[in-house]
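Reading the structure
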Amino acid sequence: MICNKLKDAINAQINRELYSEYLYLSMSAWFAKENLDGFANWMNVQAQEERFHAMKFFNYLIERGAAVILEQIDKPESDFQRPLKAFELALEHEQYISKNINDLMDIAIQENDHAARSFLQWYVDEQVEEEASADKIVSKLRMIGDRIEGIFMLDNELGQRVFTPPTTA
Ligand SMILES: [Fe+2]
Ligand SMILES: [Fe+2]
């Protein structure tokens, strides 16, 4: 059995992952409105990844015989002003999520829950990738500045992204 403290903390994390899905969906809608369909696609794929993260926690709680409690999901912003602003916000959000994953791992260590440690390690590694991919696009957008050709080129590149569910689930 999983301890109550970890169960509650994972339930809170399910809500954060679902909020992440919501935030990136909102960004996807904003990019689509701005006619940047490649950026919109990237955000849509990102939202699907967040859904995957949430469901992986969801299924884990069930597997460990613990109750899943779904809470209300906060309303995300809807106007992101500029592509760079959206990706800076995404990067900041991923840094916040990484901190939360670390806190979950701290609880698993304190509680001597080796199974949870092994499970959470996947998220620790995943967050390195999450931060790196957002950071890379922030850097490119800073280099591009206001040059519209650069924005269109990046839009093209981000339009190639497809969702592939991780096999380690
Ligand atoms: Fe996530
Ligand atoms: Fe994420």
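Quick note: structure is the one above.
I will try to describe carefully the structure that is included in this document.

What counts, and where the lines are drawn
- Residues numbered from 1 in each chain as written.
- Chains lettered and ligands numbered in written order.
- Predicted model: local features only at pLDDT ≥ 70, side-chain atom pairs only at ≥ 80, totals over all residues.
- Heavy atoms only, no water.
- Donors = N, O, S within 2.8 Å, 3.2 Å for Na, K, Ca; no water.
- Helix = DSSP H or I, 4+ residues; strand = E, 2+ residues; numbered from the N terminus.
- Buried < 20%, exposed > 50% of the residue type's maximum accessible area, 1.4 Å probe, protein only.
- Patch = residues over 30% accessible without salt bridge, like charges linked within 9 Å, V, L, I, M, F, W, Y side chains within 5 Å.
- Areas by Shrake-Rupley, 256 points an atom, 1.4 Å probe, with all protein chains shown as cover.
- Salt bridge = Lys/Arg side-chain N within 4 Å of Asp/Glu carboxyl O.
- Contact = heavy atoms within 4.5 Å.
- Axes fitted to C-alpha atoms, helices over the stretch in contact; angles between N-to-C directions.
- Parallel < 35°, antiparallel > 145°, perpendicular 65-115°, else oblique.
- Left-handed = near helix turned anticlockwise from the far one by under 90°.
- Nonpolar A, V, L, I, M, F, W, Y, C, P; charged D, E, K, R; others polar.
- Expected span 1.5 Å × (residues − 1).
- Core = buried A, V, L, I, M, F, W, Y, C linked by side-chain atoms within 4.5 Å.

Let's talk about the coordination of the iron ion (ligand 2)
Bound to the iron ion (ligand 2) are the protein donor atoms Glu50 (OE), Glu94 (OE), Glu94 (OE) and Glu130 (OE), situated 1.9 to 2.6 Å from the metal. Here the donor residues of the iron ion (ligand 2) share one chain and are spaced in sequence as E-x43-E-x35-E. The iron ion (ligand 1) is placed at 3.3 Å from the iron ion (ligand 2), the two being bridged by Glu50. Residue Glu50 is found in helix 2 (residues 37-63), and its partner Glu130 is found in helix 4 (residues 114-144); the two are separated by 80 residues along the sequence. Judged on exposure class, the residue Glu50 and its partner Glu130 are both buried.

What about a nonpolar patch on the surface?
Together, Tyr22, Leu25 and Ile73 give the surface a local cluster of nonpolar side chains, amounting to about 240 Å² of exposed area. The class for Tyr22 is partly exposed, based on a relative accessible area of 41%.

Details of the coordination of the iron ion (ligand 1)
Coordination of the iron ion (ligand 1) by the protein involves Glu17 (OE), Glu50 (OE) and His53 (ND1), with metal-donor separations of 2.1 Å. Ordering the donors of the iron ion (ligand 1) by residue number gives the pattern E-x32-E-x2-H. For His53, a relative accessible area of 1% translates into the label buried.

Re the side chain of Gln46
Inspection of the secondary structure assignment puts Gln46 in helix 2. Leave out the neighbours within four places in its chain, and Gln46 touches Tyr24, Glu94, Glu130 and Arg161.

Some remarks on the packing of helix 2 against helix 5 (residues 148-158)
When two helices pack together, their arrangement is captured by the angle between the axes and the distance separating the axes. Between helix 2 and helix 5, the least distance of the axes is 7 Å, while the angle of their chain directions is 40 degrees. Put simply, helix 2 runs oblique to helix 5. Considering the relative orientation of helix 2 and helix 5, their crossing is left-handed. For the pair formed by helix 2 and helix 5, the contact residues are Asp37, Gly38, Phe39, Asn41 and Trp42 on the first element and Ile151, Leu154, Asp155 and Leu158 on the second. Partitioned by chemical class, the residues of the contact of helix 2 with helix 5 number 5 nonpolar, 2 polar and 2 charged.

As for helix 3 (residues 83-110)
With 28 residues, helix 3 extends 41 Å from end C-alpha to end C-alpha; this agrees with the ideal 40 Å at 1.5 Å per step. The first or second residue beyond helix 3 is Asn112, which carries a positive phi of 60 degrees.

As for the pattern of salt bridges
Under the defined criterion, the tally for this structure stands at 8 salt bridges. Lys99 is paired through a salt bridge with Asp103; the nearest N and O atoms lie 2.9 Å apart. Placement of the pair is Lys99 and Asp103 together in helix 3, with a separation of 4 residues, close to one helical turn.

Topic: helix 2
The terminal C-alpha atoms of helix 2 lie 39 Å apart, and with 27 residues this matches the ideal 39 Å at 1.5 Å per residue to within 8%. Gly65 occupies a position one or two residues after helix 2 and carries a positive phi of about 75 degrees.

A few points about the nonpolar core
Generally speaking, a soluble globular protein has its nonpolar side chains buried in company with each other. Counting residues in each nonpolar core, the largest one holds 26 residues, and the members touching the most others are Met27, Phe31, Phe39, Met43, Phe87 and Leu141. Listed by contribution, the elements that provide at least two residues to this core are helix 1 (4-33), helix 2, helix 3, helix 4 and helix 5. At 6 residues, the largest contribution of residues to this core is made by helix 1. In this structure Met27 touches Met43, Phe80, Ala86, Leu89 and Ala90, once residues within four positions along its chain are discounted.

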